[in-house]
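Observations on the three-dimensional arrangement
This is what each chain is made of:
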Amino acid sequence: MGGCFSKPKPVELKIEVVLPEKERGKEELSASGKGSPRAYQGNGTARHFHTEERLPAPHPYAGTQDCVEAAVCHVKDLENGQMREVELGWGKVLLVKENGEFHALGHKCPHYGAPLVKGVLSRGRVRCPWHGACFNISTGDLEDFPGLDSLHKFQVKIEKEKVYVWASKQALQLQRRTKVMAKCISPSAGHSGSTNVLIVGAGAAGLVCAETLRQEGFSDRIVLCTLDRHLPYDRPKLSKPTCDPGLALPSLGPRASVAKWNSGCLALSQVGCILQSLDAQPEQLALRPKEFFRAYGIEVLTEAQVVTVDVRNKKVVFKDGFKLEYNKLLLAPGSSPKTLSCKGKEVENVFTIRTPEDANRVVRLARGRNAVVVGAGFLGMEVAAYLTEKAHSVSVVELEETPFRRFLGERVGRALMKMFENNRVKFYMQTEVSELRAQEGKLKEVVLKSSKVVRADVCVVGIGAVPATGFLRQSGISLDSRGFIPVNKMMQTNIPGVFAAGDAVTFPLAWRNNRKVNIPHWQMAHAQGRVAAQNMLAQEAEISTVPYLWTAMFGKSLRYAGYGEGFDDVIIQGDLEELKFVAFYTKGDEVIAVASMNYDPIVSKVAEVLASGRAIRKREVEEPPGTGKAWRPQDRGRPQAGHNGEPRGDMMNDMVSPWPSLSLSPSKRLFLLHSKYVCPVLPVDRSEFSPPQPRACP
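The residue numbers shown here count from 1 along each chain, following its written sequence. Owing to the predicted nature of the model, reporting of local features is limited to residues with pLDDT of at least 70; listing and counting of side-chain atom pairs is limited to 80 or more, with chain, interface and lining totals taken over all residues. Water and hydrogen atoms play no part in the side-chain values, which are based on all heavy atoms of the structure.

Notes on helix α12 (residues 602–611)
Only protein chains enter the accessibility calculation, which uses a 1.4 Å probe; a residue whose area is less than 20% of its type maximum is buried, one above 50% is exposed, and one in between is partly exposed. In this text, helices come from DSSP runs of H or I with a minimum length of four residues, and strands from runs of E with a minimum of two, each type numbered from the N-terminal end. Taken across its 10 residues, α12 has 10 buried, putting it largely inside the fold. Within α12, burial applies to I602, V603, S604, K605, V606, A607, E608, V609, L610 and A611.

Structure, rendered in structure tokens:
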């Protein structure tokens, strides 16, 4: 089977990590969610917010007093740095051993349900193998994105050399825990003309900003405004059909109670799971139900377009004339898709995909008919892949020689192009659209500059986007020559009290020497929204996350971490023809990005190395340890010499696991991820362990 269901052969990699000349002076702030009393300026009045103003913490096992306790292993069954899924009868738990201590957590990532046992354990946290979210093993708290929710944390005790886990039956069936948040103690009276925090844009950055403020104890008014008619939704799912099993859909629907959502009493089986696609409905994509926003006093203004920002008087004006004063402002307007400028651009059935309605119309019109996709980037290729199951024909028009060429390189692009051709997608490369021809006002043909004419009943345009910042041109807020909002590491603009985040910003990327970059990734928007919220509360947080993205096509997932713009070489390991490979993107002597298919969790491992502030050198991914030749697929499984010329017999090379391991010489292993790796799940003789026993919750 392909995609995430296949178990690839291990790739052996040698990576040397070199300490930077100057260690970071400040650790990245975690989102542990425990707010402390703080002073904050609310609409001109200094106020103090205390922990007692938060919503009362729901009982972690609300709705039931039944718990289960079981001996799950012997203390010697796990070494430090190992993880294992253990069964408690009512569900599984992720058991982790680090620094001699055992921790028990929810075993699936709340984002899309990835098995965390196949992730990466490092620096007191576990990183998801699919999309890179990180969770603190001591608390279960979400520390890096994507996703909104944390893991349940279960009690562990040691008795007579056995490890016991104690958990709620109900919590065992869940994959998510929403952090406790503050109440809003100054709700608006109707549409009041002032707010403490105004957030323009309700994507990932805007929503995470609002939630972080509440998690940190902020209890004044928050207003979130959006051009969309919907509450915040998971925009990547508009075009990313997933091959990941157990895809979580955190939308409760109109009949679900917010009390159940807040207390974590809805299992994923109750919420629903689907293969996300172009015909997903808005309520299926919702990141939070409307009851959530009502409960935590986060006001959402839909179909609300800001046309003017007056930074001197701290006021915004909406298209309908409504005016709103603010104390702190977050700008997260996102981007607007580029459109075609050719002859006939006004004909019907030509779309950009921005909303669920756009996506739904494309699928409806493409069924059994001819579809043309203009642009072979991520959006265009995802749409083309999905439409092959719906349309009579699918054609892709692209100006470059190969898809993804600038992002993934020529060789990877050609391998992916071949996969599409094998699924009956026709490519027209190194050309562009010169005319759209209509019959009775509706699209019938796409004429290319190469003089070819392609039959088309529907056309999807995916040729990039521009920052949606036109309304800021006369505001005094700085924009660069391309229309992006420059911010510093704290997501602050040139105007005090005004922050910006998401697709419309450029910011200094810490591990690329603070180079100013624009990274329009869903995961990055989450992180920027959190940093902006923390700095509204004067916490002096800085953006330091490693960019991480993914795509899914024909049941195969591609992961990518880092920032590869300007790469000058690509080191491929694995088999491109079989689409089981790792690609390292290098600039000079340094690895700056990595992409993989069917080699989880290698991308998460590299992301964790980069997040630690260490460098991966090009030579370490070109040659296997102790040899002077390039790594070859046929070398897999052969005994390799260690750094002293002797055959290697260390733990990393003796592992029997379907997942790849980073193979290091013993002298270098200490530096990489603090010697913490994903380890195989080994069978345990359970005959001596007691079965799960019901117990009352404390």
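Things to note about helix α8 (residues 378–387)
Of all 10 residues making up α8, 8 are buried, and the element is well covered by its neighbours. Those residues of α8 not exposed but buried are G380, M381, E382, V383, A384, A385, Y386 and L387.

Digging into the pairing of strand β6 (residues 82–87)
Direction of pairing for β6 relative to strand β7 (residues 92–98): antiparallel, over a ladder of 6 bridges. Considered in β7, the bridge of R84 is made with L95. Strands are labelled as partners when DSSP assigns at least two bridges between them. The loop that links β6 with its antiparallel partner β7 comprises 4 residues; one of these, G89, has a positive phi angle of about 90°.

Section: the sheet that holds strand β22 (residues 350–351)
Strand order across the open sheet formed by 5 strands is β22-β29-β23-β24-β25, with parallel pairing between neighbours. The strands lining the two open edges of the sheet, one partner per strand, are β22 and β25 (425–429). Across the face of the sheet, α8 comes into contact with β23 (370–374), β24 (393–398), β25 and β29 (458–461) while running at roughly 165° to β23. Between two residues, a contact is recorded if the distance between any of their heavy atoms is within 4.5 Å. Interaxial angle, 0 to 180 degrees, is taken between N-to-C directions of lines fitted to C-alpha atoms, where a helix line uses only the stretch in contact.

Description of the environment of L436
Counting through the fold element by element, L436 comes out in strand β26 (residues 433–439). Apart from the residues within four sequence positions on either side, L436 is in contact with L340, C342, K343, G344, K345, V347, V350, L443, E445 and V446.

With respect to the nonpolar core
The set of buried Ala, Val, Leu, Ile, Met, Phe, Trp, Tyr and Cys residues whose side-chain atoms join them within 4.5 Å is what this entry labels a nonpolar core. Counting 104 residues, the largest nonpolar core has L198, L213, V309, L330, L331, I477 and F507 as its most contacted members. Per-element tally for this core: the top contributor is helix α11 (residues 522–536), with 8 residues. F507 has contacts with V487, R515, K516, V517, I519, M524, Q528 and I543, leaving out every residue within four places of it along the chain.

A few points about the environment of S596
Here S596 shows up in strand β39 (residues 590–597). Take S596: its relative accessible area is 0%, and that puts it in the buried class. For the pair S596 and A583, spaced 13 residues apart in sequence, the C-alpha to C-alpha distance is 6.1 Å. Not counting residues up to four positions away in its chain, the partners in contact with S596 are S557, L558, R559, F581, V582, I602 and V603.

Any link to function would need more than the numbers given here.
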